[in-house]
Amino acid sequence: MRKKLERDPAAPEYLHTVRGVGYVFRPAPRANVTELDSVLAARDHHASAISAG
């Protein structure tokens, strides 16, 4: 999929893999944090807290 969408599939700009979710399409990087980034960061923090015991 990255070969079709990305200029450089080895360094994706738009199609990102998010563990536990799948692929996420981010159309363009923004200077401010998006709502999706906040949700994913909170989920990752929660998952690492659970795995830490």
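Above: the structure in question.
Predicted, not measured: the structure shown is a model, and the values here were computed from it. Counting from 1, residues in each chain are numbered in the order their sequence is written. Where totals are concerned, whole chains, interfaces and linings use all residues; where local detail is concerned, this predicted model gives features only for residues with pLDDT of at least 70, and gives and counts side-chain atom pairs only at 80 or more. Remark: hydrogens and water are excluded; side-chain values derive from all non-hydrogen atoms of the structure.

### Quick notes on the overall build of the protein
Working step 1: For the protein, the count of helices and strands is two helices and two strands.
Working step 2: For every residue, the accessible area obtained with a 1.4 Å probe (protein chains only) is divided by the maximum for its type, and the residue is called buried under 20%, exposed over 50%, and partly exposed between those limits. Counting only residues that meet the buried cut, the protein has 9% of its 53 residues in that class.
Working step 3: Should any heavy atoms of two residues lie within 4.5 Å, those residues are counted as being in contact. Expressed as a percentage of contacts within the protein between residues at least 6 apart in sequence, the contacts between residues at least 24 apart total 5%.
Working step 4: Carbon and sulfur atoms make up 58% of the accessible area of the protein, which totals about 4,500 Å². Secondary structure is summarised from DSSP: a helix means a run of H or I of at least four residues, a strand means a run of E of at least two, and numbering begins at the N terminus for each. Calculation of accessible area relied on Shrake-Rupley with a 1.4 Å probe; when residues are assessed, cover is drawn exclusively from the protein chains displayed.

### Section: a nonpolar patch on the surface
Working step 1: A cluster of nonpolar side chains, M1, L5, Y23 and F25, forms an exposed patch at the surface whose accessible area comes to about 480 Å².
Working step 2: Here F25 shows up in strand β2 (residues 22–25). Residues with no salt bridge and a relative accessible area higher than 30% make up the patches, which join like charges within 9 Å and nonpolar side chains (Val, Leu, Ile, Met, Phe, Trp, Tyr) within 5 Å. By definition here, a salt bridge exists when the distance from a side-chain nitrogen of Lys or Arg to a carboxyl oxygen of Asp or Glu is within 4 Å.

### Re the pairing of β2
Regular strands place their side chains on alternate faces of the sheet.
Working step 1: Both strand β1 (residues 15–18) and β2 contribute to a ladder of four bridges, which runs antiparallel. Bridging across to β2, T17 finds its partner in Y23. One bridge is not enough; two strands pair if DSSP finds at least two bridges between them.

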